[in-house]
Amino acid sequence: MSTYTLSRGIQRAGRTAYKQGHKPGENPWSLSRMVALLVLAFLAATWLVPFAWAVLTSLKSEADAGASTLSLSPPDGFGFDAYRKVLSAGELPLWAWNSLLTSAAITLVTVATSALAGYAFSRVAFRGRRWLYGAIIAAIIIPPQLLIVPLFRQMLAFDLVDTYWGIILPQAFAPAMVLILKRFFDQIPVELEDAARVDGAHRLRVFWSIVLPLSRPILAAVAIFVFIGAWNNFLWPFIVTTDADLMTLPVGLQTVKSAYGLQYAQNMASAILAALPLVVVFLFFQRQIIKGIATTGFGGQ
Amino acid sequence: MPTAVDSPATAGLVVAGGNRMGAARARRDESLTGWAFAAPFALLFVLFLVVPAVYGLYLSFTGETLTGANGKLIGLANYSEALQDPDMWRSLGNTLWFTLLSTVPLVLLSLAFALLVNLGLPGRWLWRLSFFLPYLLASTVVVLFWSWMYNPKLGLINGVLAELGIAPVAWLQDPNVAMISVVVTTLWWTIGFNFLLYLAALQNIPEQQFEAAAIDGAGKWRQLFSIVVPQLAPTTALILTLQVLASLKVFDQIYMLTNGGPAGSTRSIVQYIYEAGFTGYRFGYSSAISYLFFAIIVLVSIAQYKLINRRSAP
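Residues numbered from 1 in each chain as written. Chains lettered and ligands numbered in written order. Predicted model: local features only at pLDDT ≥ 70, side-chain atom pairs only at ≥ 80, totals over all residues. Heavy atoms only, no water.

**A few points about the packing of helix H6 (residues 139-149) of chain B against helix H8 (residues 178-203) of chain B**
All names here are of chain B. Under the convention used in this document: Between N-to-C directions, angles cover 0 to 180 degrees, with each direction set by a line fitted to C-alpha atoms, over the stretch in contact for helices. Secondary structure counts use DSSP, requiring at least four H or I residues in a row for a helix and at least two E residues in a row for a strand, with both numbered from the N terminus. An angle below 35 degrees is treated as roughly parallel, one above 145 as roughly antiparallel, one from 65 to 115 as roughly perpendicular, and anything else as oblique. Less than a right angle of anticlockwise turn of the near helix away from the far helix marks a crossing as left-handed, whereas a clockwise turn marks it as right-handed. Here, two residues are considered to be in contact whenever any of their heavy atoms come within 4.5 Å of each other. Polar here means any residue outside two lists: the nonpolar Ala, Val, Leu, Ile, Met, Phe, Trp, Tyr, Cys and Pro, and the charged Asp, Glu, Lys and Arg; Gly therefore counts as polar.
Contact geometry of H6 with H8 gives a least axis separation of 11 Å together with a crossing angle of 125°. Looking at the two axes, H6 sits oblique to H8. Crossing geometry of H6 relative to H8 is assigned as right-handed. Between H6 and H8, the contacting residues are Ser139, Val142, Phe145 and Trp146 on the first element and Val184, Thr185, Trp188 and Trp189 on the second. Looking at the contact of H6 with H8, its residues break down into 6 nonpolar, 2 polar and no charged.

Given below as structure tokens:
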């Protein structure tokens, strides 16, 4: 954890403590607060245990991981052997690349198309607007999981099975994000745009140089959600790829799990390597992520 | 829903063309512009949602298989077969059971966590990080962690039980325990999202309400039930709606943890749809079950909507 996030965390904790206001006379170190602190610490520790244990296992030798359960002093000691093996022999880096490429493409297309459509719904009185908008709202309720069979048939027909496009296209739009962006655009005062339009600026120009710069925070939140969702998605990439060279990280890991079988240290090393990018993303963007969830109520899964 | 489009400012602009001809042209231009903006999204939306949804409905009335043989219309045969299929009912039952078992703690515990963290105790960022971090993991990673935790011989849980002198439990292999294990994993994985929603809602409750209540002599617990819980009602409604819909669609963690076993005791309806289509190659039948399940989702959504609207009405 960087000192930056640390200091922000402390600031925020301080602010909340202030906001919660132990009024003068209320003891911040009262017994009930201490009990609450202990309960909280216990719960948080419980939540971190699976991580800690996975890290511990990944640092053991394969023999030690498969021999002793709770040992904190394995005979072979701790080391990065499992990571070295997974990175050199496995296809992990390739899968990570596939995940990065497809998730980035999905994010780019989704954000661009949702922002354009959201703007049209918010500001442009086009024919059929209400009809299309109603269709999008209705579509939010359709779980993509139920469309796997017809979508797969479509991919066969388009010859997109085992291609990047096959992974990307069916994930590259999100009705919920259109709604979120429309709601945000609705709040931007129209007067800001009117001045530019009176001067003869085209809609696209207004959108690009006035609306988008004002929408950076919401665009960032939407982009992060879409990226996390795409990075972690399992079912669709699992269905549309059979070629190991095209698998995304979650799909590839599933095959590792079956292939390595009893190699626990390597299993845990792969899992941790796969989790790492998103943890880094979170540490960089935690404010946007938290704000995004708080204000929109939508997330990845 | 009032939108900016109807605002007088924009309406004025549109008519600014002067004569009626100009206004009509302006309106046509506006339509073209709107469609140009919406077209990229609309294209993907139609191609990858509307078309497969309609095509799936058509498939559900056919005997379609992987190779495309027997693709003839067979009417409602798939549907009547599904309604008499004990495996379908079992998967559906498992899914509803999982939804109930997961939704209740995912709402109550996330509220408890948020209340605790919101007390203003030191270390706030650490608590928030601990509870939220698992939410960022891919299902595959979650499953790798937890199949190791649940490992009958080497797993941490049985290891700790052994230290306490308790006999090992076959967490994923015992039909009576497997669903609970799946729920525990799901709880660990996804609680962070609900937790953050509650935390944000808690911070929006005006401080003055607590001060007023304290002056009136209301204790902390009284404040919790008279101020906090009612103020959180809209958030609870949102969490409940999202959670039920998410739980009904469960697939990843169960498929990878237990593969629906032992003996079909954890198989979800989405897994049954997947298996009918992709291992049984019965695309028509799989589509029919999809639509039956979709009907259930629509019913649940309507029921939730009515319940929530009635409760929030005065």
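**Remarks on the UniProt feature "transmembrane region" (unreviewed entry) in chain B**
All names here are of chain B. Rule in force here: UniProt positions are given in the numbering used here, feature names are shortened, and annotations may be inferred rather than shown by experiment.
According to UniProt, the positions carrying the feature "transmembrane region" (unreviewed entry) are residues 35-58, 96-117, 129-149, 177-202, 223-246 and 288-308. Helix and strand shares over residues 129-149 are 71% and 0% respectively, and the end C-alpha atoms of the span are 21 Å apart. Within the segment residues 223-246, helix and strand shares are 96% and 0% respectively, and the terminal C-alpha atoms sit 32 Å apart.

**Remarks on the UniProt feature "transmembrane region" (unreviewed entry) in chain A**
All names here are of chain A. Sites flagged by UniProt as "transmembrane region" (unreviewed entry) map to residues 35-56, 95-119, 131-152, 164-185, 206-231 and 264-285. The distance separating the terminal C-alpha atoms of residues 95-119 is 35 Å; by composition the span is 100% helix and 0% strand. The annotated region residues 206-231 carries 96% helix and 0% strand content, and the separation between its end C-alpha atoms amounts to 33 Å.

**A short note on the domain arrangement of chain A**
It is common to report an interface's size as the accessible area lost on association of the parts. All names here are of chain A. Just so we agree on the cut-off: These domain boundaries are the output of an automatic or database domain assignment. Here the buried area means the combined drop in accessible surface, using a 1.4 Å probe, for two parts upon being joined, counting both sides. Throughout this description, the term salt bridge denotes a Lys or Arg side-chain nitrogen within 4 Å of a carboxyl oxygen of Asp or Glu. A 3.5 Å cut-off defines polar contacts: any pair of N or O atoms within that distance qualifies, except that in protein one atom must be a possible hydrogen donor and the other a possible acceptor, and neighbouring residues in sequence count only when both atoms are side-chain atoms.
When the domains of chain A are assigned, the result is domain 1 (32-78) and domain 2 (86-295). Contacts between the two partners involve 8 residues from domain 1, matched on the other side by 8 residues from domain 2. Among the residues domain 1 hides against domain 2, the three largest losses belong to Ala54, Ser58 and Glu62. Together they make up 64% of the total. Remark: the boundary between domain 1 and domain 2 carries 0 salt bridges. Taken together, the connections running from domain 1 to domain 2 amount to 3 residue pairs in polar contact (both at pLDDT 80 or more). Listed by contribution, the elements that provide at least two residues to the side of domain 1 that touches domain 2 are helix H2 (31-58) and helix H3 (62-65). Take the side of domain 1 that touches domain 2: its biggest share by element is 4 residues, from H2. In terms of residue class, the side of domain 1 that touches domain 2 is made up of 3 nonpolar, 3 polar and 2 charged.

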